[in-house]
Amino acid sequence: MAFYEGVFFDFDYTLGDATACIQTGFYGAFEEMGLPRPDGEAVRRTIGMTLEDAYTLLSGDGDEGHRALFRKHYVRIADPLQVSQTKLFPGAEELLDWLYAGGIQVAVVSTKRRATIRRVFDHYGLSDRLSLCVGGEDIRRPKPDPEGALLALERLDLRREQVLFVGDTLIDAETARRAGLDFAAVCNGTTPAAAFSSVPHVHIAPDLKELQGWLEAQRLSRANASAAEMR
């Protein structure tokens, strides 16, 4: 079997940490709506959900008009902070460089807005490392629905067996399962490694540096296997 020809990443808590600006956006939006300020750790645990679902979880309010209003307030407050307050995790740049050098296509599939992710990649000088970005505005059904992942497969002309999906939540794991993609967990976020043991996965990495090491070993193993078959 050939090595992966594409790697699809979630963004928040997989490649980048935008906790500070996300919390600021939640605090400000809740204040604008006359609601008590949510607990910071509770906000952190919602990262990876849609803004609307996070709002409902934290407020108990499922009114669609209020959910839309929360997004409007949140975006106005948090958007100007996204680039300056988003930090890439250790090993992210090196991993993206390694994938790029190996000719492996990289996509980000996220509930975060595509424009925001692009701005972060531009800020770090990594725009050319990104083959495709599928954001929340590009789909009708957010993760764990596989729509975004399937859209990335189509646009990059890749088959399911050629792609690894990397994420930090059980939502990402379920997205990969529904899309028919191999899944690797990276434990940069709030989901512990043990939580992934009961879901389909090919690897559980404590961080991005270890993930790169595993990918390098996988590529070497598959190359050796292919060479042995040709003898």
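Here the structure is shown first, and the text comes after it.
For the structure given in this document, a descriptive report is provided here. (Residues numbered from 1 in each chain as written. Predicted model: local features only at pLDDT ≥ 70, side-chain atom pairs only at ≥ 80, totals over all residues. Heavy atoms only, no water.)

**With respect to the packing of aromatic side chains**
As a reminder of what qualifies: Two rings from Phe, Tyr or Trp (for Trp, the six-membered ring) form a pair when their centres sit within 6.5 Å of each other. Planes less than 30 degrees apart are called stacked, planes more than 60 degrees apart edge-to-face, and all others tilted. Helical segments are the DSSP runs of H or I of at least four residues, strand segments are the runs of E of at least two, and each set is numbered from the N terminus. Burial classes follow relative accessibility: with a 1.4 Å probe on protein chains only, a residue under 20% of its type's maximum area counts as buried, one over 50% as exposed, and anything between as partly exposed. In this analysis the charged atom, NZ for Lys or CZ for Arg, is taken to sit over a ring once it is within 6 Å of the ring centre and within 35 degrees of the ring normal.
For the structure shown, the criterion picks out 12 aromatic pairs. Ring centres of phenylalanine 3 and tryptophan 98 lie 6.4 Å apart, and the angle between their planes is 80°; this geometry places the pair in the edge-to-face category. In this pair, phenylalanine 3 is assigned in the segment before strand 1 (6-9) and tryptophan 98 in helix 5 (residues 92-101), connecting sequence segments 95 residues apart. Using a relative accessible area of 13% as the deciding quantity, one classes tryptophan 98 as buried. Following the ring pairs from residue to residue traces out a cluster consisting of Phe26, Phe30, Tyr55, Phe70 and Tyr74. The lysine or arginine in question, arginine 37, covers the ring of tyrosine 27, its NZ or CZ lying 3.7 Å from the ring centre. Lying across the ring of tyrosine 100, arginine 129 places its NZ or CZ 4.2 Å from the centre.

**Some points on the sheet that holds strand 4 (residues 105-109)**
To be explicit about the condition: Any two strands with at least two DSSP-identified bridges between them are counted as paired. An axis is simply a line fitted to the C-alpha atoms; with a helix, the fit covers only the stretch in contact. Between two such axes, the angle follows the N-to-C directions and lies from 0 to 180 degrees.
Read from one edge to the other, the open sheet built from 6 strands follows the order 5-4-1-6-7-8, with strand pairing classed as parallel. The open sheet terminates on both sides in strands that have one partner only, identified here as strand 5 (132-134) and strand 8 (203-205). Each strand of the sheet is rotated relative to its neighbour by a mean of 20°, with strand direction disregarded. Pairing of strand 6 (residues 163-167) with strand 7 (residues 182-186), which is carried by 4 bridges, proceeds in the parallel orientation. Bridge pairing in strand 7 places leucine 164 opposite aspartate 182.

**Let's talk about the layout of surface pockets**
Counted only if it meets this: For cavity detection a 1 Å grid was placed over the protein atoms alone, and a set of points counts as a cavity when a 1.4 Å probe fits there but cannot get out; an open set counts as a pocket when protein lies on both sides within 12 Å along at least five of seven lines, with lining residues being those that have an atom within 4 Å of a point. Grid points are joined across faces, edges and corners, and a volume is the space filled by probe spheres set on the points. Residue type decides the class: Asp, Glu, Lys and Arg count as charged, Ala, Val, Leu, Ile, Met, Phe, Trp, Tyr, Cys and Pro as nonpolar, and the leftover types, Gly among them, as polar.
Taken as a whole, the largest pocket encloses approximately 170 Å³ of empty space. In this structure, the largest pocket is lined by Thr50, Glu52, Arg67, Arg71, Thr111, Arg113, Gly136, Glu137, Ile139, Arg140, Arg141 and Pro142. Looking at the lining of the largest pocket residue by residue, the classes come out as 2 nonpolar, 3 polar and 7 charged.

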